[in-house]
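Given next are the chains, with one letter for each unit.
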Amino acid sequence: MKRLSIKVKITIWYTLLMLLMAALLLVFLGLVSGTVSTQTSMTQLDQTLRGNLRQVDMADGSLQLGEDFAFYDNGVYTLVYSQSESLLAGQVPVGFTANEPFQNGLTRPVSVGSARYYVLDFWVPLGWDNGVWVRGILEAPENPQLLTNLMLIALIVMPLLIVLAALGGYLIARRAFLPLDQITSTAAAINEAADLSRRVDIPPGHNEFSRLALTFNHMFAHLERLFDAEQQFTADASHELRTPVSVIKSACEYAERYGETPEEQRETLSMIHRQADKMTALIGQLLSITRLDQGTDMAHRERVDLSELVQSICREQTYSPQRLLPEVEPGITARVDTALLTRLLQNLIDNGFKYGKEGGHVWVSLRREADEIQLTVRDDGIGIPKEQQEKIWQRFYQVDPSRSGDRGGAGLGLSMVQKIAQAHGGTMSLESIVGLGSTFTLHLPADPPPETI
Ligand code: ADP
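Basis of the calculations
- Residues numbered from 1 in each chain as written.
- Predicted model: local features only at pLDDT ≥ 70, side-chain atom pairs only at ≥ 80, totals over all residues.
- Heavy atoms only, no water.
- Buried < 20%, exposed > 50% of the residue type's maximum accessible area, 1.4 Å probe, protein only.
- Helix = DSSP H or I, 4+ residues; strand = E, 2+ residues; numbered from the N terminus.
- Pairing = 2+ DSSP bridges.
- Phe/Tyr/Trp six-rings, centres within 6.5 Å; stacked < 30°, edge-to-face > 60°.
- Lys NZ or Arg CZ within 6 Å of the ring centre and 35° of its normal.
- Polar contact = N/O pair within 3.5 Å; in protein donor to acceptor, adjacent residues only side chain to side chain.
- Contact = heavy atoms within 4.5 Å.
- Axes fitted to C-alpha atoms, helices over the stretch in contact; angles between N-to-C directions.

Some remarks on the pairing of strand 11 (residues 333-336)
- Here strand 11 shows one buried face, formed by A334 and V336, and one open face, formed by T333 and R335.
- When strand 9 (residues 302-305) meets strand 11, the two strands line up antiparallel, connected through four bridges. Following the sheet pairing, D305 is matched in strand 11 by T333.

Topic: the environment of G331
- Mapped onto the fold, G331 is located in the loop between strand 10 (324-328) and strand 11.
- According to the relative accessible area criterion, G331 is exposed, its value standing at 59%.
- Note: C-alpha distance between G331 and T78 (253 residues apart in sequence) is 113 Å.

Let's talk about the packing of aromatic side chains
- Counted under the stated rule, the structure contains ten aromatic pairs.
- Relative to F440, the ring of W393 has its centre 5.9 Å away and its plane inclined at 80°; by these criteria the two rings are edge-to-face. Highlighted residues: W393 in the loop between strand 13 (372-379) and helix 7 (401-406) and F440 in strand 15 (residues 437-445), separated in sequence by 47 residues. Summarising the burial analysis for this pair, W393 and F440 share the class buried.
- Among the aromatic residues, those joined into a ring-pair cluster are Y81, F102, W123 and W133.
- One residue, R135, lies across the ring of F102, its end atom 4.1 Å from the ring centre.

Regarding the side chain of T78
- Residue position: T78 is located in strand 4 (residues 76-81).
- Polar contacts involving the side chain of T78 include one to the side chain of N52, which spans 2.8 Å.
- The contact partners of T78, leaving out residues within four places of it in the chain, are L49, N52, F69, A70, F71, A89, G90, V134 and R135.

Re the sheet that holds strand 12 (residues 362-369)
- Here five strands make up an open sheet; going across it, the order is 10-12-13-15-14 and the pairing mixed. In this open sheet, the two strands that pair with only one neighbour each are strand 10 and strand 14 (427-433). Pairs of neighbouring strands in the sheet enclose a mean axial angle of 15°, with direction left out of account.
- Looking at chain direction, strand 12 and strand 13 are connected through eight bridges and run antiparallel. Bridging across to strand 13, V362 finds its partner in D379.
- The sheet strands contacting helix 8 (residues 413-423) are strand 14 and strand 15, and the helix crosses strand 14 at an angle near 140°.

Here it is as structure tokens:
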């Protein structure tokens, strides 16, 4: 059997609940109306009989009934009996065959067959030793009107109302669940088409469904990023590794054919070694960039003394201290990944020298400006033409491939620099004039002052 949807379950549940409530309400009303109808009949009997009592009198030793005495009024039969309980006036209702003993002032129900009566007697003393019994008999209505009406309502209107409520409820539930259906079908479509760029429509309002849709979209965006990064890595790696691999291959072929002397073989081997080193470096760089792309390389951010870190990186450089000139403001701390930040600064310093003039300089400065930390690497090198300045951040982009290639670059350094900056919530900026030099700056959001943390 097909499993019931939540909509149907909800509808069935509250329809049953409504049925139960309606039944309970009817039972309750039936009971109340029964009591009310008994009470009404008794009051009716009592009042009519008391009205008649006032009309009973004795004149000249015989019973006198006033003008307003009614033998039948308001459904009440009034009868007058002698002291010896023989009927003097009035008519017993046809069906009332019970031999009911007289009881003064007590209204009681009397059943005769299926009929029900209320009987009330009053002893009316007339003179010293005489008196009469005045009896009132009221036939209880078989089915009180209120109850009959209620039953009618219950039989005709209630089922109609319940069907209406079930239908309305189902429609409302269906409408409420519509976003969920949409989310499900979009997710299924994304899955079928393997198209991670598609997104689920966010339902209006801020509720469980919109949050669910938003979470789904975040998940798809994350998956898409991972997927793209993986594809990019595969494409970049195969493209970039092709060159050193073909160099190695042709070197091997050359050695096989012509490498007769140990000298020639050593030369070939060292060429293969160089290419292998290049490949190792390249694979390392590609992996780092991919990890940064995927956001998986940001696990180790911790508060460090940035001034100390920059100083020590500059100290460890093999470049001459006359050419590498640090200007570091002391006591600047930040939450950074030490290894990544070291790589960022190293890439910028290397580029400063790589694209510098003969005997040129590189200045590294760290300072705090308002609410940001600025790490700047400036050189007096060849500079970058204005129209190229946007492009140098792209993977594998090189202004002059022959010049960079000579220096062992593959156009990945700045792309990595930018990703590291972004991974720290920062940005990179560049100012450069051809022939005069370039200034690369990392802008990091500064921590708030310690007392507000
Ligand atoms: P690579 O140095 O490996 O070629 P990068 O991503 O580090 O790759 O740099 C991209 C390009 O930007 C370089 O090829 C070079 O043309 C240019 N470039 C980078 N840094 C500088 C600099 N300090 N001065 C001039 N040009 C630079």
